[in-house]
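# Descriptive analysis of the structure
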Amino acid sequence: MSNAPVIAAVDGSEHSLRALEWARKEAVRHDTGLLVAHVLPDHAQLYAGRRASLHDASEPREFADPVRDWVRSLLGVVGGSSSSSSGTDSGLPEGVTYEALEGSVPEALRVIGSEARMLVMGSRGRGGFASLLLGSNSRAVASSAACPVVVVPHAERGAPPDDDAEQSAGRVVLGLHAAETPDDVLTFAFTEAAVRGTTVQVVSAYAIPPSPTLVMDSPFAVIPPEGLADEGDGVPAEREMLRSQTQRLAPLRERFPDVPVEQAAVPGDPAGRLVIASRAAALVVVGRHHPRRTAMSLAIGSVAHAVLHHAHGPVAVVPTLKDDV
């Protein structure tokens, strides 16, 4: 999907404005098109259906779409294409388009996202409660879309990085289960690091040993590949996890030789470390696991679920491209 567009899902809210700006920059990085999609509200869809069914020529052909006007004023989109012929003078990617969609938000975005490079949306929509960390539409789309879904949190979720978070500053942070995470997730993370000219930081979890002297308070540390050459002083389970990471990452290092790699293993659940990393990371990438998915299921893996709900920065939820959609 080298020419597939980046899709920004907008609804005119401040949350979707952040997602639109993130998607615009992403389209520039990948030198591809930007499609701005808006699912019309129910009253607009009812109007369109009424006009079509009654064939009333006296009614305006189109229902007023203030979101379309908002997008045009922000991006200079006129007549469905970029106002800049080259797309470079204004900093916009070529082929910026706007599309109004009908249907439910999750289903409409799921359909249009089937051929996208990625779909970018805010963590909450215009109608969400202020106390919600993650809106129902964002959760549903991230759980079911055929393409990677990037959820950009609202401004209130931002947090200043602490010393731990600074170790992930500017990096693409990948949550990796060495035995289960699909190759598509790794490829997405390395591709994103490559277009940014940054490092992939790989975080995995290992089982906490049943001992009163646990390592829960040990400082977080990232290890370059050469640091695994000897046994060192690490916990055996940690060393084994790092070696499993190394084996799993070997093909990606060959495909992306210019992308630096850092490895880290944490005791217990990796979600907490990924949330901390999101304070400073360019992007956190997790896989969407469906070990026992049914046709009606919207469940995602526990790590992806926790990170989406609590992350302070953008999170990409990546399905396997072989998923049944």
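Described below are features of the structure shown in this document. Because the structure is a prediction, the values reported are computed rather than measured.

Over its 20 residues, helix α8 (residues 236-255) extends 30 Å from the first C-alpha to the last, a length consistent with the 28 Å expected when each residue adds 1.5 Å. Of the positions making up α8, those classed as buried are E238, R239, M241, L242, Q245, R248, L249 and L252. Taken together, the buried residues of α8 touch α7 (183-196), β9 (200-206) and β10 (261-267).

Orientation of helix α1 (residues 14-30) relative to α7, taken along the N-to-C sense of each, is 80°, at an axis distance of 10 Å. Here α7 runs roughly perpendicular to α1, going by the angle between their axes. Of α7, the residues touching α1 (which contributes W22, E26, R29 and H30) are T191, E192, V195 and R196. Broken down by class, the residue content of the contact of α1 with α7 amounts to 2 nonpolar, 2 polar and 4 charged.

Burial in helix α5 (residues 136-144) covers these residues: S138, A140, V141, A142, S143 and S144. Looking at the buried positions of α5, the neighbouring elements they touch are α4 (105-112), β6 (118-122), β7 (149-152), α10 (302-310) and β12 (315-318).

For the rest of this paragraph, the subject is the packing of aromatic side chains. Summed over all chains, the structure comprises 1 aromatic pair. Ring centres of F190 and F256 lie 5.6 Å apart, and the angle between their planes is 40°; this geometry places the pair in the tilted category. With F190 in helix α7 and F256 in the loop between α8 and β10, this residue pair connects regions lying 66 residues apart in the sequence. The class for F190 is buried, based on a relative accessible area of 0%.

A few words now on the side chain of S138. Along the chain, S138 turns up in helix α5. Residue classification places S138 among the buried residues on the basis of a relative accessible area of 3%. Within the local environment of S138, its side chain forms a polar contact with the backbone oxygen of G122, the two atoms lying 2.6 Å apart.

Turning our eyes to something else, we now look at the environment of W70. As for its placement among the helices and strands, W70 is situated in helix α3 (residues 66-75). Along the primary structure W70 and D11 are separated by 59 residues, whereas in three dimensions their C-alpha atoms are 9.6 Å apart. Excluding residues within four positions of it along the chain, W70 makes contact with V10, G12, S13, S16 and L17.

Rules used throughout
Residues numbered from 1 in each chain as written. Predicted model: local features only at pLDDT ≥ 70, side-chain atom pairs only at ≥ 80, totals over all residues. Heavy atoms only, no water. Helix = DSSP H or I, 4+ residues; strand = E, 2+ residues; numbered from the N terminus. Expected span 1.5 Å × (residues − 1). Buried < 20%, exposed > 50% of the residue type's maximum accessible area, 1.4 Å probe, protein only. Contact = heavy atoms within 4.5 Å. Axes fitted to C-alpha atoms, helices over the stretch in contact; angles between N-to-C directions. Parallel < 35°, antiparallel > 145°, perpendicular 65-115°, else oblique. Nonpolar A, V, L, I, M, F, W, Y, C, P; charged D, E, K, R; others polar. Phe/Tyr/Trp six-rings, centres within 6.5 Å; stacked < 30°, edge-to-face > 60°. Polar contact = N/O pair within 3.5 Å; in protein donor to acceptor, adjacent residues only side chain to side chain.

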